[in-house]
Amino acid sequence: RVERSSILHMPEFAFADMPGQCVDLGLSVKWAAWNVGASRPEQYGDYFAWGETKKKSSYTKTNHTHFDQSSKTYKDIGRNISGTKYDAASVNWGNGWRMPTLEEINELAELCIWTDDSLGDVDGNFVTGPNGNSIFIPNTGYWQGTSKFFDNDHFEGHIGYFWSATLGPVKDEEAYIVNCELGHGVVAYRYWQRYFGLPVRPVKD
């Protein structure tokens, strides 16, 4: 049974990109209560390509800031960009906020209880930590090119994603993500094309 803690009772804000409330889940880092670009837990927030710090209207490999057209490869900006100038959480929120590393998303996936539910009319997951505190992860979908996708049927609210700060183990074209699917009760962390547009859920030490 997931207890919805008081961190979900947020006041209304008149502007977006309010740095999230810091929630202690009993893990090695504290997690933000909402995504970068949002001002409440149920809002999707902004979408970013991995290593970029501004939202866009189109997400392609060729328009990625760090893709070298001449060599057709990505520039080396590091395998872990957490807390660097390439970190959308650090750049947009400051004050110690940063993108989570692979180890930190592993903790969130493996040590917390994920429960399919909704907040208001937004589908997503309540994530309850070992200490009983919770955050809400909305099912945001992702951007590729100029299209927004939720799953193969484009069903809104079906799948939620957000970036880690860590590149994948095989290709420099991919970075680790968190992936949660409505109705399956399963959280998978895997790696995905870094030019896709995904949300960012910050952490703080």
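Now for a description of the structure that goes with this document.

### Looking at the nonpolar core
In globular proteins that are soluble, nonpolar side chains generally tend to be buried together.
Alright, step 1. Residues Trp31, Leu108 and Trp114 are the most contacted members of the largest nonpolar core, which totals 50 residues.
Alright, step 2. Every element with two or more residues in this core is listed here: strand 2 (30–32), helix 1 (88–93), helix 2 (102–111), strand 7 (134–138), strand 10 (159–167), strand 11 (174–181) and strand 12 (187–193).
Alright, step 3. For this core, the leading source of residues is strand 10, giving six residues.
Alright, step 4. Those residues in contact with Leu108 that sit more than four places away from it in its chain are Leu25, Leu27, Trp31, Trp114, Val127 and Phe162.
Alright, step 5. Formed by eight residues, the second largest nonpolar core is a distinct cluster that contains Tyr47, Ala49, Phe126 and Phe136.

### Section: the side chain of Lys204
Alright, step 1. With respect to the helices, strands and loops of the structure, Lys204 is situated in strand 13 (residues 203–204).
Alright, step 2. Buried within the structure, Lys204 lacks any salt-bridge partner; its nearest side chain of opposite charge belongs to Asp205, at an N-O separation of 9.8 Å.
Alright, step 3. A polar contact of 3.2 Å, which involves the side chain of Lys204, links it to the backbone oxygen of Asn95.
Alright, step 4. With residues up to four places along the chain from it excluded, the contact list for Lys204 reads Cys22, Val29, Lys30, Asn95, Gly96 and Trp97.

### A closer look at the sheet that holds strand 11
Alright, step 1. The strand order 10-11-12 describes an open sheet built from three strands, whose pairing is antiparallel. Edge positions in the open sheet fall to strand 10 and strand 12, since each of these has one partner strand only. For this sheet, the mean angle separating the axes of adjacent strands, direction not counted, is 30 degrees.
Alright, step 2. Looking at chain direction, strand 10 and strand 11 are connected through six bridges and run antiparallel. Residue Leu167 lies in a different strand from strand 11, and its bridge partner there is Ala175.

What counts and how
Residues numbered from 1 in each chain as written. Predicted model: local features only at pLDDT ≥ 70, side-chain atom pairs only at ≥ 80, totals over all residues. Heavy atoms only, no water. Core = buried A, V, L, I, M, F, W, Y, C linked by side-chain atoms within 4.5 Å. Buried < 20%, exposed > 50% of the residue type's maximum accessible area, 1.4 Å probe, protein only. Helix = DSSP H or I, 4+ residues; strand = E, 2+ residues; numbered from the N terminus. Contact = heavy atoms within 4.5 Å. Lys, Arg positive; Asp, Glu negative; His and termini not counted. Salt bridge = Lys/Arg side-chain N within 4 Å of Asp/Glu carboxyl O. Polar contact = N/O pair within 3.5 Å; in protein donor to acceptor, adjacent residues only side chain to side chain. Pairing = 2+ DSSP bridges. Axes fitted to C-alpha atoms, helices over the stretch in contact; angles between N-to-C directions.

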